[in-house]
Amino acid sequence: MTKSSPPLGVAAAEHDAADALAALHAEAFPATSWDAPAIAKLMDAPGVFVLICGEKDRPTGFLMARLAADEMEILTLAVRPKLRRRGAGRALVAAACAAAKTGGASVWYLEVAADNAAACALYKTCGFEQAGTRPGYYASGADATLMARTI
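Residues numbered from 1 in each chain as written. Predicted model: local features only at pLDDT ≥ 70, side-chain atom pairs only at ≥ 80, totals over all residues. Heavy atoms only, no water.

Asker: Explanation requested: the environment of Val112 in the structure shown.
Answerer: For Val112, the position within the fold is in strand 5 (residues 107–113). Val112 gets classed as buried once you look at its relative accessible area, which sits at 5%. C-alpha separation for the pair Val112 and Tyr137, spaced 25 residues apart in sequence, amounts to 9.8 Å. Non-local contacts of Val112, meaning those with residues more than four positions away in its chain, are made with Ala119, Cys120, Tyr123, Tyr138, Asp143, Ala144, Thr145 and Met147. (Helix = DSSP H or I, 4+ residues; strand = E, 2+ residues; numbered from the N terminus. Buried < 20%, exposed > 50% of the residue type's maximum accessible area, 1.4 Å probe, protein only. Contact = heavy atoms within 4.5 Å.)

Asker: Would you take a moment to explain the pattern of salt bridges for this structure?
Answerer: Overall, the coordinates contain three salt bridges when judged by the stated rule. A salt bridge links Arg80 to Glu27; the shortest N-O distance between them is 2.4 Å. Here Arg80 is found in the loop between strand 4 (71–79) and helix 3 (88–102), whereas its partner Glu27 is found in helix 1 (residues 18–28), with 53 residues between them in sequence. Accessibility expressed as a relative area gives 30% for Glu27, which makes it partly exposed. Arg134 is the partner of Glu111 in a salt bridge, and the nearest nitrogen-oxygen pair spans 2.2 Å. With Glu111 in strand 5 and Arg134 in strand 6 (residues 129–134), this residue pair connects regions lying 23 residues apart in the sequence. (Salt bridge = Lys/Arg side-chain N within 4 Å of Asp/Glu carboxyl O.)

What follows is the structure, given as structure tokens:
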């Protein structure tokens with residue numbers, strides 16, 4: 001993998017990917033990461049789907065979302081810190097948008113740490129707009145910015 005050409009292939013994650021996804025989540029969010037049993041439990045929940053970018057055993061990034069009726073919520077988007085700003089996050093969001101449309105969703109929601117400028121910028125460039133704030137939402141004390149996008 002070179003800096004100029006990251007693996008941008010996006011595919012559905014299999015249930016056996018929970019360990020690899022947990023390792024990636026820990027790398028991306030060391031203070032608040034989800035462990036493999038939590039990820040596996042979420043993967044089993046109704047309407048939840050997971051997309052990975054890159055290699056199955058060591059993905060560049062992944063996105064987990066839940067589809068319910070005509071709404072989709074992004075539960076998490078994690079990209080390896082050393083591989084950020086190379087298109088993986090954008091590719092995952094685009095693929096999730098296509099999956100949401102196919103699944104009948106007309107609106108997306110997500111929460112993002114208000115102090116995570118890079119993530120906020122990514123979501124804005126993907127068509128999300130601020131829809132509200134949850135003060136002190138995260139364990140760190142950071143506010144959550146609620147964002148929405150009509151599909």
